[in-house]
Amino acid sequence: MYSYRAPLRDFRFVVHEVLDFEDRYRSYGRDDLTHDLLEGILEEGARFAETVLAPTNRIGDEHGLGFENGNIVTPPGFREAYLRYCEDGWSTMTADPQWGGQGLPGGFSLAFSEMLVSGNMAWKMYSGLTESAAATLAAHGNDELKQRYLPRMVSGEWSGTMCLTESHSGTDLGLLRTKAEPQADGSFLVTGTKIFISCGDHDLTSNIVHLVLARTPDAPPGTKGISLFLVPKFKVDAKGAPGAANGVSCGSIEHKMGIHASPTCVMHFNDSAGWLIGKANEGLACMFTMMNHARLGVGLQGQGLSELAWQAAISYANERLQGRSLSGVKAPDRPADPIIVHPDVRRMLLTQKALVEGGRVLCFLTGREIDSSHLNPDLEERRRSAELVAFLTPIVKAFLTDAAMEVTSLAVQVHGGHGFIRETGVEQLMRDARITPIYEGTNGIQAMDLLGRKVFGTGGKSQQAVAKRIRDTIARFEGVAEVAHFCEVLGKRVDAWDKLTAQIGAAALRNPDEVGAAASDYLQFSGYVCMGWCWLAAVGVAVPKIAAGEGDEDFYRAKVVTAAHFFDRILPRADAHAAAARAGASGLMSLPAEHFQIA
Ligand SMILES: Cc1cc2nc3c(=O)[nH]c(=O)nc-3n(C[C@H](O)[C@H](O)[C@H](O)COP(=O)(O)OP(=O)(O)OC[C@H]3O[C@@H](n4cnc5c(N)ncnc54)[C@H](O)[C@@H]3O)c2cc1C
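Conventions used here
- Residues numbered from 1 in each chain as written.
- Predicted model: local features only at pLDDT ≥ 70, side-chain atom pairs only at ≥ 80, totals over all residues.
- Heavy atoms only, no water.
- Helix = DSSP H or I, 4+ residues; strand = E, 2+ residues; numbered from the N terminus.
- Rg over C-alpha atoms; globule rule 2.2 N^0.38 Å.
- Buried < 20%, exposed > 50% of the residue type's maximum accessible area, 1.4 Å probe, protein only.
- Areas by Shrake-Rupley, 256 points an atom, 1.4 Å probe, with all protein chains shown as cover.
- Near = heavy atom within 4 Å.
- Polar contact = N/O pair within 3.5 Å; in protein donor to acceptor, adjacent residues only side chain to side chain.
- Nonpolar A, V, L, I, M, F, W, Y, C, P; charged D, E, K, R; others polar.
- Pairing = 2+ DSSP bridges.
- Axes fitted to C-alpha atoms, helices over the stretch in contact; angles between N-to-C directions.
- Parallel < 35°, antiparallel > 145°, perpendicular 65-115°, else oblique.
- Left-handed = near helix turned anticlockwise from the far one by under 90°.
- Phe/Tyr/Trp six-rings, centres within 6.5 Å; stacked < 30°, edge-to-face > 60°.
- Lys NZ or Arg CZ within 6 Å of the ring centre and 35° of its normal.
- Contact = heavy atoms within 4.5 Å.
- Salt bridge = Lys/Arg side-chain N within 4 Å of Asp/Glu carboxyl O.
- Disulfide = S-S within 2.5 Å.
- Core = buried A, V, L, I, M, F, W, Y, C linked by side-chain atoms within 4.5 Å.
- Expected span 1.5 Å × (residues − 1).
- Bend = angle between axes of the 7 residues up to and from the residue.

A. Highlighting the overall build of the protein chain. From N to C terminus, the protein chain includes 17 helices and 11 strands. Relative to a compact globule of 599 residues, whose C-alpha radius of gyration would be 25 Å, the protein chain shows 24 Å and is just as compact. The principal-axis extents of the C-alpha atoms in the protein chain amount to approximately 80 × 65 × 60 Å. Residues counted as buried form 56% of the 599 residues belonging to the protein chain. For the protein chain, the computed accessible surface area is about 24700 Å², with 54% contributed by carbon and sulfur atoms.

B. Region of interest: the site of the ligand. The environment of the ligand is made up of 17 residues, and the closest members are M162, T165, T171, F196 and T442. M162 is positioned with one of its backbone polar atoms (N or O) 2.8 Å from a nitrogen atom of the ligand. One of the backbone N or O atoms of L164 is found 2.8 Å from an oxygen atom in the ligand. Coverage of the ligand by the protein amounts to 61% of the 970 Å² it exposes when considered alone. Among the secondary structure elements, those contributing two or more residues to the shell around the ligand are strand 3 (158–163) and strand 5 (188–198). In terms of residue count, the dominant contributor to the shell around the ligand is strand 5 (3 residues). Along the lines of polarity and charge, the residues of the shell around the ligand split into 9 nonpolar, 6 polar and 2 charged.

C. A look at the side chain of T401. Mapped onto the secondary structure, T401 falls in helix 9 (residues 379–414). You can call T401 buried: its relative accessible area is 0%. For T401, the side chain forms a polar contact with the main-chain oxygen of K397, separated by 2.7 Å.

D. Structural view of the pairing of strand 9 (residues 242–245). Where strand 8 (residues 234–236) and strand 9 come together, 2 bridges link them in antiparallel fashion. Among the inter-strand pairings, F234 is bridged to a residue of strand 9, identified as A245. Between strand 8 and strand 9, which pair antiparallel one after the other, the connecting turn spans 5 residues, and G240 there sits at a positive phi close to 90°.

E. Inspection of the packing of helix 7 (residues 283–319) against helix 9 at higher detail. Packing of helix 7 against helix 9 brings their axes to within 8 Å, and their N-to-C directions diverge by 20°. The angle between helix 7 and helix 9 places the two elements in the roughly parallel class. Crossing of helix 7 over helix 9 shows left-handed handedness.

F. Quick peek at the packing of aromatic side chains. Across all of its chains, the model carries 23 aromatic pairs by this definition. Pairing F13 with F555 gives two aromatic rings, centres 5.3 Å apart and planes at 70°, and the pair type is edge-to-face. Here the residue F13 occupies a position in helix 1 (residues 8–18), and F555 occupies one in helix 15 (residues 553–570), the gap between them amounting to 542 residues. Classification of F13 by relative accessible area gives buried; the value is 0%. When its relative accessible area of 17% is taken as the criterion, F555 is described as buried. Ring-pair connections join several aromatic residues into one group, and the members of that group are F48, Y82, Y85, W90, F112 and W123. The residue whose ring lies beneath R9 is F555, and the NZ or CZ to ring-centre distance is 4.1 Å.

G. Structural context of the packing of helix 9 against helix 12 (residues 461–476). Relative to each other, helix 9 and helix 12 sit at 105°, their axes nearing to 10 Å. Regarding the angle of helix 9 to helix 12, the classification is roughly perpendicular. Across from R384, S385, E387, L388 and F391 in helix 9, the residues of helix 12 making contact are S462, Q463, A465, V466 and R469. A breakdown of the residues in the contact of helix 9 with helix 12 according to their chemical character gives 4 nonpolar, 3 polar and 3 charged.

H. Spotlight on the pattern of salt bridges. Following the criterion strictly, the structure yields 41 salt bridges and no others. The salt bridge involving R47 is made with E44; its shortest N-O contact spans 2.7 Å. On the criterion of helical spacing, the pair formed by R47 and E44 is a turn pair, its members being 3 residues apart in helix 3 (residues 35–63). Overall, the relative accessible area of 44% leaves R47 in the partly exposed class.

I. Geometry of the state of the cysteines. Counted according to the given criterion, the structure contains 0 disulfides. C265 carries a free sulfur, and the closest cysteine sulfur to it, the one in C250, is 3.9 Å from it. Taking the relative accessible area as the measure of exposure, C265 reaches 0% and is therefore buried. In this model C363 remains outside any disulfide bridge; the closest cysteine sulfur is found in C534, 9.7 Å from its own.

J. Highlighting the environment of E282. Mapping E282 onto the fold places it in the loop between strand 11 (264–277) and helix 7. Note: C-alpha distance between E282 and L228 (54 residues apart in sequence) is 7.5 Å.

K. Quick peek at the nonpolar core. Counting 185 residues, the largest nonpolar core has F364, W497, L536 and F567 as its most contacted members. At 20 residues, helix 14 (residues 513–548) tops the list of elements feeding residues into this core. Non-local contacts of F364, meaning those with residues more than four positions away in its chain, are made with F11, V14, V15, L19, F21, L110, A111, E114 and L300.

L. Region of interest: the pairing of strand 6 (residues 207–214). Taken across its 8 residues, strand 6 has 8 buried, putting it largely inside the fold. In strand 6, alternate side chains face the same way, and those of N207, V209, L211 and L213 on one face and I208, H210, V212 and A214 on the other are all buried. Bridging between strand 3 and strand 6 involves 6 bridges; their strand directions are parallel. Paired with T161 across the strands is H210, a residue of strand 6. With 6 bridges connecting them, strand 6 and strand 7 (residues 227–232) associate as antiparallel partners. Bridge pairing in strand 7 places L213 opposite L228.

M. Structural context of helix 5 (residues 110–140). The end-to-end C-alpha separation of helix 5 is 24 Å, well short of the 45 Å expected for 31 residues at 1.5 Å each. Along helix 5, the sharpest change in direction is near 130° and occurs at N120. In terms of burial, helix 5 is largely enclosed, as 26 of its 31 residues are buried.

N. Focus on the side chain of S91. By the secondary structure assignment, S91 is in the loop between helix 4 (78–87) and helix 5. At a separation of 3.1 Å, a polar atom in the side chain of S91 contacts the main-chain carbonyl oxygen of S155. In contact with S91, not counting residues within four places along its chain, are Y85, C86, V154, S155 and G156.

This is the structure we're talking about:
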């Protein structure tokens, strides 16, 4: 059974060396965001994730949740870990000081969030949803609601949820039916049933603040008639203390493939008092604050699980003795060599390493640019950062969660038959990862968002802007012999990306189905190109470090070798996706419907 060690050296590489957090944030006038501060978060965060959280991960999976008289009981150790998390102030890290937060930008919490997911993804969902709900309330709520709820959500005393899904209304939120009747005092009575609500009920906090999408009586049909309401589990009195029950109940919890310790609840709202967040009928726009926050969070879930799966795989590959190396015995004193000597096992491990480390740069780059879009004093830079974030968000969500499926599956494969057996614990990672391509908008929907809204919605400009950034990075390395090959193979794909975008755009003018037919392959293509950009930035740091001979040469050389694996063995997958994306809609849509029916 593996254990989790926070990858501190790689976090340092990404935040200090590749993405230059310190200089970036200082240029925003945030001199308080120092190297030492970030180091403190890394060190202490690692201690929390490794020693407090990771020991609860297996217990949570095995033990699952109790459900007694409508109340959910979290697995042993969850409450203690949660209290410690709050006492140590982790919940307040990125919130506004006005509400009791420490005011750190989101970028400073990325590494910590990844560590929490690796430590225990199911546990992390409780606090992760609260952060997203608090951010949405802070962005769109009125002062009274903020004063009443935010301090306690920020401290972790109360938690938050997002209640969108209904049994007949999943991807298509325009179908939702939950009602909100206006009352004379300005509040609403919310009635309806939501399903699949993560952390809809539990015993970690004394109140739960639900953000619920519902319709007012005069609302227009479809997505234009959806409003967002704050509905607490317990009503809150004028002094802010939770009082009477508010007609909110958990009808049942789902029995799931993975994340067994995260309650997925059927939630009933029965004339529950609710308060409008933002304007009536603009609920979906408000909820997008939460969804974008959560989409990066789900990408980070993929990332954290991938890291853990890679750690499990390398531990096992070093221990398991099977066969002899084809190029000569490596462990003559043992009955067989460890499986890490076999090229095919190396292929699996290096593929994991390339996706994990490349994914980390992609994720953290997106987080850094989110901060730039709010904090950068240069307004044009803010706009460029926001444009990049909009483009990268569906890629981070979908590409990194698909990568997590591959990386966790490879971990099982490296373990052979033992990977399929519960005892080794790696099958849990694959089961836990499986939800990440589904929730927060399925990966198919992310792909439509990327190609339909982000690319064609800007007349192709957003893709051209990212392609230009990548070409600028390539140009920076002109004449650097060690990266010339990487620049060449990446540059070729960036050119192909431009052509592919134009080809699909032209086809879509003739037939709107072309966008849906190409979207998933287009997203994969874009993901590989963007990850290639990240790998180029990483080797762009590593190569001069090796030349300067400043130490840590092994680490930097490993970066160059892993980059070569990415560029030569993983990036070529993009070409197959381009061919599939170009194949068009007719092949998908021409088979008459009866061929999809059981005779
Ligand atoms: C463990 C878990 C936790 C969850 N947590 C929450 C939560 O906290 N809050 C919440 O509100 N919801 C939550 N959900 C719900 C989740 O977000 C939805 O399951 C998801 O959005 C998909 O909706 P659906 O299941 O109804 O699938 P459907 O919408 O029925 O989709 C089925 C398939 O059809 C595809 N599809 C649907 N429409 C289109 C289209 N227009 N174009 C192309 N393809 C399409 C989808 O990609 C998918 O492959 C959770 C779900 C699970 C399983």
